[in-house]
Amino acid sequence: MIIQHNMSAEYTSRMYQENAEHKMGLMEQLSSGYRLTNTKVDASGATIAQGMRGQIRGLQQAGNNAQDGMMLLDVADGAASQIHDLLQRVRDLSVQSASDTNVAQDRDALQTEADTLIKEMDRISSDTSYNTKKLLDGSLSQTGHGLKFQLGANSDQFIEVLISSLRAAAIQMNHVDFSNNSSSGIWIQQTDGAINTVSEVRAQIGAARGRLLLAFNSNGVMAECLQATESRISDTDMVDTLVKYAKESILGKSITAMLVQGNRNPQSTLSLIQVDRSGFQGSIKENEGSANSGANIEKAS
């Protein structure tokens, strides 16, 4: 039995500190909802989770970009639809003007209305914009590249959409002439060509919008799957953590009891010392008594 080092108490004390640290970590997980409250819990898992979070947030923002792009294309398509309607009216006027039932005064009225419609087409093409960006005036085609929509979480994940100009000059509708039936007949064909041009532009816009919608849905699925994976890595399993916390709490009480018991061991050694001391003092008294008795016998003789 030794008294310089109480090994049982020191071991129990170390276990007590480890238990307290484990309980603190479990309390942090339960209170925050995150298993990865710090990198010491799972260093590699924390690195993977952070990378996934970057991808998830990138995909979510890319989804927002796709929605913004769809709104932009809706604006362009709505304006092109108005130009379509105006061209249909110009065609009606061309057909009406091609008939010799019209006199010069009638043709002048038809010409005036057609010129007004052409000006309105030019105004719509010039003024249609989204977030101050012109869409139908030809400025996009002049840059040499179309509109780029970032649809992925990483670089170079975009689609490019080129929207052609719908100004009257671009669709060859800037000099309408209803002066006679021959020229009016020519403008029937010319208007048909302009209508086809606008239809092609609207078809491109519609196809691009369809791609943006598909990209938006795809990004949503990818973000959901990544979020599920990241959750398994970084989120707390509440039931499992509560079970572990209950175990550590019971173990902590047991360690505390053993720590008290371990501190009692030196007291046992002290009791032995006290017993030995009592026996030693009794022996001394007996020896002193024997010596006194011998001395008295000598005096009597």
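Just above sits the structure.
The text that follows walks through the structure, step by step, so that each part is easy to find. Keep in mind it's a predicted model, so treat the numbers as computed, not measured.

Assigned secondary structure in the chain consists of 6 helices and 4 strands. Element order for the chain, N to C, with α for helix and β for strand: α-α-α-β-β-α-β-β-α-α. Once local pairs closer than 6 in sequence are excluded, the contacts in the chain between residues at least 24 apart make up 73%.

Our next topic: the nonpolar core. One finds Leu87, Ile163 and Met173 to be the most contacted residues of the largest nonpolar core, which totals 42 residues. Within the residue set of this core, elements represented by two or more residues are α2 (43-97), α3 (104-127), β3 (147-150), β4 (158-161) and α5 (181-234). Among the elements that make up this core, the one with the highest residue count is α2 (12 residues). Excluding residues within four positions of it along the chain, isoleucine 163 makes contact with Leu73, Ala76, Leu135, Leu136, Leu140, Leu147, Val201 and Ile205. Membership of the second largest hydrophobic core comes to 5 residues, among which are Leu36, Ala46, Met52 and Ile233.

In this section: the environment of glutamine 190. Within the secondary structure, glutamine 190 sits in helix α5. Judged by its relative accessible area of 26%, glutamine 190 falls in the partly exposed class. Sequence spacing of glutamine 190 and valine 176 is 14 residues, and the spatial spacing of their C-alpha atoms is 9.1 Å. With sequence-adjacent residues up to four places away left out, glutamine 190 is seen in contact with Gln172 and Met173. At a separation of 3.2 Å, a polar atom in the side chain of glutamine 190 contacts the side chain of glutamine 172.

Moving on to the pattern of salt bridges. Enumeration over the complete set of coordinates arrives at 11 salt bridges. Between aspartate 127 and arginine 123 there is a salt bridge, and its shortest N-O distance comes to 3.4 Å. Linking aspartate 127 with arginine 123, this pair stays in helix α3, spanning 4 residues, or about one helical turn. Measuring nitrogen to oxygen at the nearest pair gives 3.8 Å for the salt bridge that ties lysine 247 to glutamate 248. Exposure remark for lysine 247: the relative accessible area of 52% places this residue in the exposed category. Look at the salt bridges and you will find they share partners, linking Glu120, Arg123 and Asp127 into a network.

Checked against the element boundaries, glutamate 230 lands in helix α5. Among the polar contacts made by the side chain of glutamate 230, one reaches the side chain of arginine 53 at a distance of 2.7 Å. Setting aside anything within four residues of it in sequence, one finds glutamate 230 in contact with Ala49, Met52, Arg53, Ile56 and Asp235.

Attention shifts here to unusual backbone geometry. When glycine is set aside, most residues are seen to have a negative phi, and most peptide bonds are trans. The backbone of asparagine 131 sits at a positive phi, close to 55°, despite the residue not being glycine. Mapped onto the secondary structure, asparagine 131 falls in the loop between β1 (129-130) and β2 (133-134). For asparagine 131, a relative accessible area of 67% translates into the label exposed. With a phi angle near 65°, aspartate 156 is a residue other than glycine that sits in the positive phi range. Relative to the assigned elements, aspartate 156 resides in the loop between β3 and β4.

It is worth spelling out helix α1 (residues 7-32) at this point. Taking 1.5 Å as the rise per residue, α1 with 26 residues should run 38 Å; its terminal C-alpha atoms sit 38 Å apart, in good agreement. Here α1 has its buried residues at Ala9, Thr12, Asn19, Leu26 and Gln29.

For the pair α2 and α3, interaxial distance at closest approach is 10 Å and the crossing angle is 165°. With respect to each other, α2 and α3 are oriented roughly antiparallel. Crossing handedness for the pair α2 and α3: left-handed. Every residue of α3 that contacts α2 at Ala79, Gln82, Ile83, Leu86, Leu87, Arg89, Val90, Leu93, Gln96 and Ser97 is listed here: Arg107, Leu110, Glu113, Ala114, Leu117, Ile118, Glu120, Met121, Ile124 and Ser125. Residues belonging to the contact of α2 with α3 are distributed by class as follows: 12 nonpolar, 4 polar and 4 charged.

Thresholds, definitions, all that
Residues numbered from 1 in each chain as written. Predicted model: local features only at pLDDT ≥ 70, side-chain atom pairs only at ≥ 80, totals over all residues. Heavy atoms only, no water. Helix = DSSP H or I, 4+ residues; strand = E, 2+ residues; numbered from the N terminus. Contact = heavy atoms within 4.5 Å. Core = buried A, V, L, I, M, F, W, Y, C linked by side-chain atoms within 4.5 Å. Buried < 20%, exposed > 50% of the residue type's maximum accessible area, 1.4 Å probe, protein only. Polar contact = N/O pair within 3.5 Å; in protein donor to acceptor, adjacent residues only side chain to side chain. Salt bridge = Lys/Arg side-chain N within 4 Å of Asp/Glu carboxyl O. Expected span 1.5 Å × (residues − 1). Axes fitted to C-alpha atoms, helices over the stretch in contact; angles between N-to-C directions. Parallel < 35°, antiparallel > 145°, perpendicular 65-115°, else oblique. Left-handed = near helix turned anticlockwise from the far one by under 90°. Nonpolar A, V, L, I, M, F, W, Y, C, P; charged D, E, K, R; others polar.

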